[in-house]
Amino acid sequence: MKIHNKRQKQAGLTITTVLSVISLLLVGSISTTTAGPVERTQAKRIHDRLIGVPPTDADLAAMEALMADPVQAARYAISNSSRRAYFYNVSLKNFITPWTNEAQTAFAPLNDYTATVIGIVRDDKDFRQILSGNEVYVGTITPSYARTNNDHYEALEANNIDLSDPSNLTAVTQASLGMAGSSTDDSAGVITTRAAGQAFFKAGTNRAMLRFTLMNHMCRDLEHVKDITGIPDRIRQDVSRSPGGDSSIFLNSCIGCHAGMDPLTSAFAYYEWVEEEDGSNGQVVYSGDPAIGVFVQPKYHINRSNFEYGYITRDDSWENYWRKGPNANLGWSQALPNKGTGAKSVGAEFANSEAFAQCQVEKVYRHVCFQEPIANHSSDIEQITAEFMGDYNLKEVFAKTAVLCMGE
Ligand code: HEC
């Protein structure tokens, strides 16, 4: 399942691997007695890296006692450390926040996207839900959740509410809050959150939602999936077929991204971000509910004179052209039908791919190990990815990855 190895360096049995095998054998033989200074340092490193702050003496002692199986010590840190709130409120928040804005910065307030991913991790939920689940996480304090502002989440943050405590942050259905798409069961996890709408449905042509989902959750930008052999029949009218009067530019460039991107972006045809002129009252709206009246958002039909014979989006049906050609190697699920309608099913299409799973593991690795994946860890990363595809528990990925970087 080695599908994304652009930074692979020289593999092979190095001195360090030999040494670490020897030290592992030694650890095994002494772990029945008492943990030594090495285990103590490793346990502390696991805690530091996961939680972001050093352990208390009591927590360190508890972790040391588990170091015969360091993954147990890592699980302890996440779930039992008396400082575990830092894992949720700070470490996870910083991990997730860059996915929620175009600038990809961690310096942004808590929002419904971030809180929902934090909750899914904390509650050991199937991580694929982040792109297709019905739920959103809300706190219990006022002001309560509003579709038109982020005040609720900013209050959670301002009041330092401990997000590791399930009674402070709970899952509710997006439908119960009347969120966009939920009236037709088109809730798509974070895709249909307010924060994602503000960042990626605002203005433009909704292609940004597709691009950022690809970047944040498949670890690829469009440059990586460019395929000029793609079929152009679903490229929209706004894409000129002869930019600057030169059709070869279309054939050699534009088609590479738009042939695959446009038929997927159809899934968001009923979504739009609207706000007042001064930026207030911003919210995601949905125009796919038959009870109200169904229409494709006008942004799907702008600049149609650029190429009048281009594809006209008439509903939210999407198709994944990337299943054929070079992008088949993203590992799409054979259990899914390759097409559908709406955000929820396109979210599931991404979330069930191997690239999604590998991307989550690589992101955790960068977060916990403070480095790009190194060659010596590539088989471990593959193993963790394979196991993640068995249970889709991201907390386990954090625990196992921290052990990779606990030092020797
Ligand atoms: C590397 C991938 C890539 C290539 C190549 C590419 N595009 Fe795009 N295009 C995008 C993405 C991504 C967006 C959405 C940008 C956004 O809204 O954030 C986009 C948006 C557009 C839009 C809508 C702009 C708007 O917001 O109104 C047009 C029109 C367009 N592209 C035309 C072209 C043409 C013509 C070419 C070839 C000269 C081309 N594109 C090549 C990725 C690409």
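Residues numbered from 1 in each chain as written. Predicted model: local features only at pLDDT ≥ 70, side-chain atom pairs only at ≥ 80, totals over all residues. Heavy atoms only, no water.

Novice: Sorry, what's going on with the packing of helix 5 (residues 85-96) against helix 16 (residues 394-404) here?
Specialist: Relative orientation of the contacting elements helix 5 and helix 16 amounts to 90°, with a least axis distance of 14 Å. Looking at the two axes, helix 5 sits roughly perpendicular to helix 16. On helix 16, the residues that touch F87, Y88, L92 and F95 of helix 5 are L394, K395 and F398. When the residues that make up the contact of helix 5 with helix 16 are grouped by side-chain class, the tally is six nonpolar, no polar and one charged. (Axes fitted to C-alpha atoms, helices over the stretch in contact; angles between N-to-C directions. Helix = DSSP H or I, 4+ residues; strand = E, 2+ residues; numbered from the N terminus. Parallel < 35°, antiparallel > 145°, perpendicular 65-115°, else oblique. Contact = heavy atoms within 4.5 Å. Nonpolar A, V, L, I, M, F, W, Y, C, P; charged D, E, K, R; others polar.)

Novice: What am I meant to see in empty space enclosed by the protein here?
Specialist: Here the idea is plain: a probe the size of a water molecule rolls over the atoms and shows the empty space left. One pass over the full model with this rule turns up three cavities of 30 Å³ or more. Computed from the structure, the second largest cavity encloses a volume of approximately 60 Å³. Y145, R147, M179, A180, T192, T193, R194 and V284 are the residues that line the second largest cavity. Split into classes, the residues belonging to the lining of the second largest cavity amount to four nonpolar, two polar and two charged. (1 Å grid on protein atoms, 1.4 Å probe; cavity = no way out; pocket = protein on both sides within 12 Å on 5 of 7 lines; lining within 4 Å. Points joined across faces, edges and corners; volume = space filled by probe spheres on them.)

Novice: It is not clear to me how helix 3 (residues 57-64) should be interpreted in this structure. Could you clarify?
Specialist: Working note: α-helix, 3.6 residues per turn, so residues spaced by three or four point in the same direction. Along helix 3, the residues that are buried comprise D59, L60, M63 and E64. Axial view of helix 3: buried residues confined to an arc of 135°, hence all on one face. Pointing more than 90 degrees away from the buried face of helix 3 are the exposed residues D57 and A58. Contacts from the buried residues of helix 3 go to helix 2 (37-51) and helix 4 (70-80). (Buried < 20%, exposed > 50% of the residue type's maximum accessible area, 1.4 Å probe, protein only. Arc of directions from axis to C-beta.)

Novice: Hey, could you run me through the coordination of the iron atom of the ligand in this one?
Specialist: For a metal with four tetrahedral donors the ideal donor-metal-donor angle is 109.5 degrees, while six octahedral donors give ideal angles of 90 or 180 degrees. For the iron atom of the ligand, the protein supplies a single donor, H258 (NE2), at a distance of 2.0 Å. Mapped onto the elements, H258 comes out in helix 12 (residues 247-265). (Donors = N, O, S within 2.8 Å, 3.2 Å for Na, K, Ca; no water.)

Novice: Would you mind going over the state of the cysteines with me for this structure?
Specialist: Two cysteines joined by a covalent bond between their sulfur atoms form a disulfide. Summed over the entire model, instances satisfying the criterion amount to two disulfides. Paired by a disulfide, C219 and C359 hold their sulfur atoms 2.0 Å apart. Between C219 and C359, the disulfide has an S-S torsion of 80° and is therefore right-handed. Within this pair, whereas C219 is found in the loop between helix 10 (207-218) and helix 11 (222-225), its partner C359 is found in helix 14 (residues 354-369), the two being separated by 140 residues in sequence. Accessibility classification places C219 together with C359 in one group, the buried group. For the chain, the bonded cysteines pair up as 1-2, 3-4 when numbered in the order they occur along the sequence. (Disulfide = S-S within 2.5 Å.)

Novice: Even after reading the chapter, I still don't get the packing of aromatic side chains, so can you show me in this structure?
Specialist: Aromatic ring pairs are described here by two measures, namely the spacing of the ring centres and the angle between the planes. Counting across every chain of the model gives 15 aromatic pairs. Aromatic side chains F95 and W99 sit 5.1 Å apart centroid to centroid with 70° between the ring planes, which places their arrangement in the edge-to-face category. Both residues of the pair, F95 and W99, belong to the buried class. An aromatic cluster is defined as three or more aromatic residues linked by ring pairs; in this entry it consists of F87, Y88, F95, W99 and F398. The ring centre of F212 lies 5.3 Å from the NZ or CZ of R211, which sits over that ring. Lying across the ring of W99, K363 places its NZ or CZ 3.6 Å from the centre. (Phe/Tyr/Trp six-rings, centres within 6.5 Å; stacked < 30°, edge-to-face > 60°. Lys NZ or Arg CZ within 6 Å of the ring centre and 35° of its normal.)

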